[in-house]
Amino acid sequence: MYKVVIGLEVHCEVKTNSKNFSSAKNAYSEYPNEYVDTTDLGLPGILPVANREAFRKSLMMSLALHCKTPDIVMFDRKNYYYPDLPKGYQITQETKPVGKDGYVMINVDGVDKKVLINNIHLEEDTASLDHFGDYSLIDYNRAGVPLLETVTEPCMYSVKEALAFLETLKGIFLYTDVSEARVDRGQIRCDVNVSLMDENSTELGTKVEMKNINSFNNVKLAIETEIERQTEILNNGGKVLQETRRFSEEDLKTYPMRSKVDAIDYKYYIEPNIPPIKIEDSWIEEIKKDIPMLPFERVEKYMNVYGLSRYDSDIIVKDKKVSDYFEETISLGTNPKSSANWLTSIILGYLNKNELSIDDLYLTPQMLHELIKMIDDGEISSKQSKEVFIKCIEEKINPKDVVKSLGITQITDDKTIRDIVVRVLDSHPDLIEDHRKGKNTFDFFVGQVMKETRGKANPSITASIIKDEIDKR
Amino acid sequence: METIMDLRKSLDDKKVTSEELFKKSNTLAHKYQEEYNSFVTIIDDYKHVNSNSLIDGIPFAIKDNFSTKGILTTASSNILKDYVPVYDATAYKKLIESGGVLVGKTVLDELAMGGTGTTGHTGIVKNPWDKSRQIGGSSAGSASSVALGIVPFSIGSDTGDSIRKPASFGGIVGFKPTYGRISRYGLFAFASSLDHVGCFTRCVRDAAIVTDILKGKDERDMTSLPDENINYVDLLDNDIKGKKLFYIKELTDLNLYKDSGSETIEVLNKFKETIEKLKSIGFIIEEVSFDEKLLKAIYPAYMTISCAEATSNNSNLTGIPFGPRGEGDNINDIMFDARTKGFSELIKRRFILGSYILQRENQERLFKNAQRLRRIIVDKTNELFKTYDAMILPAGGGIAPKFDSEIDRMSPRYLMLENHLVIANFGGFPSITIPSGFVNNMPIAINITGRQFEDGLVLNIANKIEEQLGYKGIIKEEYDV
């Protein structure tokens with residue numbers, strides 16, 4: 001048996017107003033070449049002007065990944081020729097990346113694991129090429145967009161771990177607002193390294209790299225495909241070649257692109273047009289303050305402090321806005337478990353069904369707090385609360401007002417309920433007999449009481465009064 | 001010959017109009033074009049933006065490696081022979097906004113690489129003092145257009161000595177200020193860490209005037225220096241008594257040149273005469289020793305760094321986003337073909353060298369070592385600048401070379417004397433070359449290089465020297481119209 005070893009290089013576009021080294025807008029457009037300036041085209045005489053916000057966000061990501069930050073801002077040139085690279089070099093970071101030697105905590109099947117980060121560096125995206133029959137077109141909208149590359153150590157040992165890492169990383173991007181990390185817009189892309197080693201060995205096997213994989217599902221498929229291919233080679237006594245392969249999602253195979261001997265020498269050297277700028281400690285401290293509590297830590301807190309299940313915690317932290325909503329509700333004094341139940345079972349269900357975001361929800365944390373309080377106080381039943389919820393968000397009315405307008409406050413008064421119960425029991429002596437013989441007629445009595453009160457009778461009070469009245473007879 | 005200030009007075013006194021000046025320049029440009037080949041493009045339409053600057057209404061020329069919106073800009077290379085930029089270089093824009101009137105885009109050595117003025121795609125540029133001689137390069141046409149009296153000033157770029165050397169061969173002033181003093185935005189990059197924008201003028205005062213207009217922080221060039229609240233023109237007449245200058249023994253000691261040609265000997269003799277003259281007006285001038293090994297390393301270190309940076313900087317010239325599209329079956333062949341056809345052999349040689357130098361296995365030994373040498377040379381110079389206000393040296397070891405001469409110019413000693421101007425590019429020092437006399441009826445020059453950021457002091461010293469030497473505004477008689 002072989003053990004798989006996986007390393008990932010994740011490219012993620014940074015959310016900024018303008019591009020990394022030009023003043024062109026950093027935005028997605030369906031129209032090619034809409035957001036382009038002279039710098040993005042690599043016209044003669046252009047100079048890069050580093051985007052402070054892109055660098056700040058990169059530092060924030062670096063700190064969120066527990067990386068060591070550099071003392072100065074510095075960029076390098078990576079030289080190679082390709083039509084999607086207008087300058088003939090990419091401005092990137094080789095000498096002083098924005099982060100080094102960090103880690104990310106992930107959780108796989110309830111077990112925590114540390115994924116080591118080799119480095120994280122800021123660079124610029126290339127143009128995108130659209131290939132047609134016998135020609136290709138270049139769209140420079142993407143050229144120069146700030147791109148943050150996170151490079152892990154080869155330290156993941158299963159597809160599950162790799163995917164958990166990707167989801168965790170994406171979560172951090174979203175929580176820190178460094179990127180929108182939208183897979184459908186190609187904002188997050190992966191290079192995947194896979195090697196197999198003998199189960200009893202400590203020596204890494206030969207790695208194969210697969211470049212530019214555009215979705216998490218394809219990462220999964222590419223790794224599985226490659227494990228299969230390499231296993232077969234090794235089982236047949238062969239040797240895996242160190243090479244770069246292309247994963248094809250059409251036939252679920254990987255194809256050779258270039259071998260190690262053809263590896264490109266990128267001739268890195270320091271970008272001379274960006275003077276080294278000192279990174280002040282005060283800047284780092286400022287950025288640290290802007291990092292919110294991240295998903296991994298929130299899950300821990302929800303489980304350990306609030307007593308939620310991992311399942312519910314995971315669901316809540318998946319979207320920072322939902323998690324913030326949850327925390328705000330709790331901060332008003334609402335029971336965490338009730339809040340979590342509301343969120344996971346009712347609110348998210350409603351949002352998903354109607355394809356809405358929590359931002360679109362009329363029900364504020366304050367309103368949810370009041371709604372839950374009405375249930376806890378026995379003012380409304382939990383069944384009624386769902387009606388109140390729907391009416392509240394669809395008609396944009398405060399839950400308290402909904403309850404008033406519907407007149408659906410609960411009947412908890414003993415005498416009122418008892419009078420009705422007595423009347424119901426009096427008209428069905430046969431069913432009381434049946435009940436005594438062991439037949440289930442109890443629910444019928446409850447139903448009758450509910451019918452008479454149009455569902456306003458408190459169910460538990462009703463049940464205990466019915467029991468009490470039957471026992472009396 | 002008329003300087004900017006002379007023309008300013010004529011314009012202000014309404015003795016001449018800006019348009020008349022332009023017409024005169026335009027006529028001369030055409031008249032001398034076939035013979036001297038100063039221009040890639042001569043502008044025939046008078047265009048003027050009103051301003052109250054000193055250069056308002058005054059014609060100028062600019063090297064054809066500055067991006068000029070709507071005006072052909074070739075860098076004297078076939079790969080850009082039809083390239084019309086869509087934006088203006090900052091330096092050009094400032095001149096136009098200050099009322100300067102463009103007369104033409106001048107010929108350079110292809111992509112500003114080279115020092116002969118013979119490698120531009122539209123042919124060689126000749127020296128106005130002697131047509132059988134080079135004007136030097138790479139800012140060849142910018143030098144010749146001023147030396148011919150076509151324009152009172154022109155703009156060039158200087159990576160090794162590309163302004164100051166042709167200025168010395170043409171009997172005019174060539175100044176490159178501190179690195180970053182003038183924005184490089186829109187200057188086609190050769191070697192970014194060494195590239196400077198500067199000017200050719202007929203006198204030091206004009207160089208100060210033009211630099212005052214060009215200097216300043218540019219948001220588009222991160223290496224540009226912050227604005228200062230001074231005008232260099234205002235510093236020109238400061239008293240220089242007691243200012244300390246040094247010259248380098250290993251470059252100027254006659255005893256070291258026993259085997260050299262008479263021209264070099266004469267240049268050095270004249271230099272010593274100049275030194276004596278300057279001492280007489282209050283300069284303190286001393287001879288210092290500078291490690292010969294370092295002096296010998298200047299040229300190879302320069303070539304190593306500049307070729308490396310040039311390879312990368314010119315990687316945008318693939319014929320893909322712009323420029324002549326190459327032929328081929330695949331994208332690599334298409335780019336390969338465009339570059340094969342677009343560059344001359346000399347350029348390809350530099351690119352191959354640069355590429356070799358940057359290769360992973362060679363970087364440490366070649367590129368990094370060259371950078372270390374650069375640092376050591378700059379440190380040594382800065383140390384001397386602690387004691388001295390500036391360095392004074394002959395601009396080179398001879399007069400403008402003949403087109404067919406290759407003789408004894410490669411001797412190590414000669415190479416040292418011929419390439420020390422690069423020190424100013426290594427350190428980003430302000431550096432000016434001014435005429436200092438004649439040898440064999442050809443102009444020779446001295447160079448003054450000062451501390452980083454002290455452009456005003458260098459211009460001040462140069463102005464006082466110019467006053468004393470009396471070669472201000474020299475021009476060959478037949479061109480003095």
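The rules behind the values
Residues numbered from 1 in each chain as written. Chains lettered and ligands numbered in written order. Predicted model: local features only at pLDDT ≥ 70, side-chain atom pairs only at ≥ 80, totals over all residues. Heavy atoms only, no water. Helix = DSSP H or I, 4+ residues; strand = E, 2+ residues; numbered from the N terminus. Rg over C-alpha atoms; globule rule 2.2 N^0.38 Å. Buried < 20%, exposed > 50% of the residue type's maximum accessible area, 1.4 Å probe, protein only. Contact = heavy atoms within 4.5 Å. Areas by Shrake-Rupley, 256 points an atom, 1.4 Å probe, with all protein chains shown as cover. Lys, Arg positive; Asp, Glu negative; His and termini not counted. Charge placed at Lys NZ, Arg CZ, Asp CG, Glu CD. Buried area = accessible area lost by both parts, 1.4 Å probe. Salt bridge = Lys/Arg side-chain N within 4 Å of Asp/Glu carboxyl O. Polar contact = N/O pair within 3.5 Å; in protein donor to acceptor, adjacent residues only side chain to side chain. Nonpolar A, V, L, I, M, F, W, Y, C, P; charged D, E, K, R; others polar. Expected span 1.5 Å × (residues − 1). Arc of directions from axis to C-beta. Domains from an automatic or database assignment. Pairing = 2+ DSSP bridges. Axes fitted to C-alpha atoms, helices over the stretch in contact; angles between N-to-C directions.

**Description of the overall build of chain B**
Of the regular secondary structure elements, chain B holds 15 helices and 13 strands. The C-alpha atoms of chain B give a radius of gyration of 21 Å, which matches the 23 Å a tight globule of 481 residues would have. When burial is assessed residue by residue, chain B has 64% of its 481 residues classed as buried. When contacts within chain B are restricted to residue pairs at least 6 apart in sequence, those whose partners lie at least 24 apart make up 74%. Approximately 17,500 Å² of chain B is accessible, and the part contributed by carbon and sulfur atoms is 49%. One way to put it: in chain B the 59 positive side-chain charges average out to a point 2 Å from where the 64 negative ones average out.

**A word on the interface of chain B and chain A**
Bring the parts together and some accessible area is lost; that lost area is often taken as the interface size. Chain B puts 38 residues into the contact, and the matching count from chain A is 34 residues. For the pair chain B and chain A, the summed buried surface comes to about 2,700 Å²; carbon and sulfur atoms form 60% of the total. Area buried by chain B at its contact with chain A is led by R220, M222 and S312 of chain B, which between them contribute 21% of it. Counting across the interface, chain B meets chain A through 0 salt bridges. Where chain B touches chain A, the interface holds 16 residue pairs in polar contact (both at pLDDT 80 or more). Looking at the side of chain B that touches chain A, the elements with two or more residues in it are α9 (292-313), α10 (331-342), α11 (345-358) and α12 (360-387) of chain B. Of the residues in the side of chain B that touches chain A, the class split is 17 nonpolar, 13 polar and 8 charged.

**Considerations on unusual backbone geometry**
Residue and element names in this part refer to chain B. Put simply, G137 and S138 share a cis peptide bond, and its omega is 5°. Positive phi outside glycine occurs at S76, with the angle close to 55°. The buried category is assigned to S76, whose relative accessible area is 0%. The backbone phi angle of A112 is positive, close to 70°, even though this residue is not glycine. With respect to the helices and strands, A112 occurs in the loop between β3 (101-106) and β4 (126-127).

**Remarks on helix α9 (residues 365-376) of chain A**
The terminal C-alpha atoms of α9 of chain A lie 16 Å apart, and with 12 residues this matches the ideal 16 Å at 1.5 Å per residue to within 8%. Considered for burial, the residues of α9 of chain A that qualify are P365, M367, L368, H369, E370, L371, I372 and M374 of chain A.

**Remarks on helix α7 (residues 320-331) of chain A**
Residue and element names in this part refer to chain A. Compared with the 16 Å implied by 1.5 Å per residue over 12 residues, the 16 Å span of α7 between its first and last C-alpha is a close match. All of the buried residues along α7 are V322, S323, Y325, F326, T329 and I330. With its buried residues spanning 160° around the axis, α7 presents them on a single face. Contact partners of the buried residues in α7: α2 (159-176), α5 (295-304), α6 (310-317), α8 (336-353) and α9. Where α7 begins, one side-chain oxygen reaches toward the backbone nitrogen of K321, 2.9 Å away; that side chain belongs to D319.

**Considerations on the domain arrangement of chain A**
Here chain A is partitioned into domain 1 (2-283) and domain 2 (414-472). Computed from C-alpha coordinates alone, the two centres of domain 1 of chain A and domain 2 of chain A are separated by 68 Å.

**Quick look at the sheet that holds strand β13 (residues 253-259) of chain A**
Residue and element names in this part refer to chain A. Taken in spatial order, the 8 strands of this open sheet run β5-β6-β9-β1-β10-β11-β12-β13, and their pairing is mixed. Where the open sheet ends on each side, the last strands, each with one partner, are β5 (99-108) and β13. Strand-to-strand twist across the sheet, computed as the mean angle between neighbouring axes with direction ignored, equals 30°. As defined by bridge partners, strand β11 (residues 208-213) adjoins strand β12 (residues 243-248) across 3 bridges and the pair is classed as parallel. Among the inter-strand pairings, M210 is bridged to a residue of β12, identified as R245.

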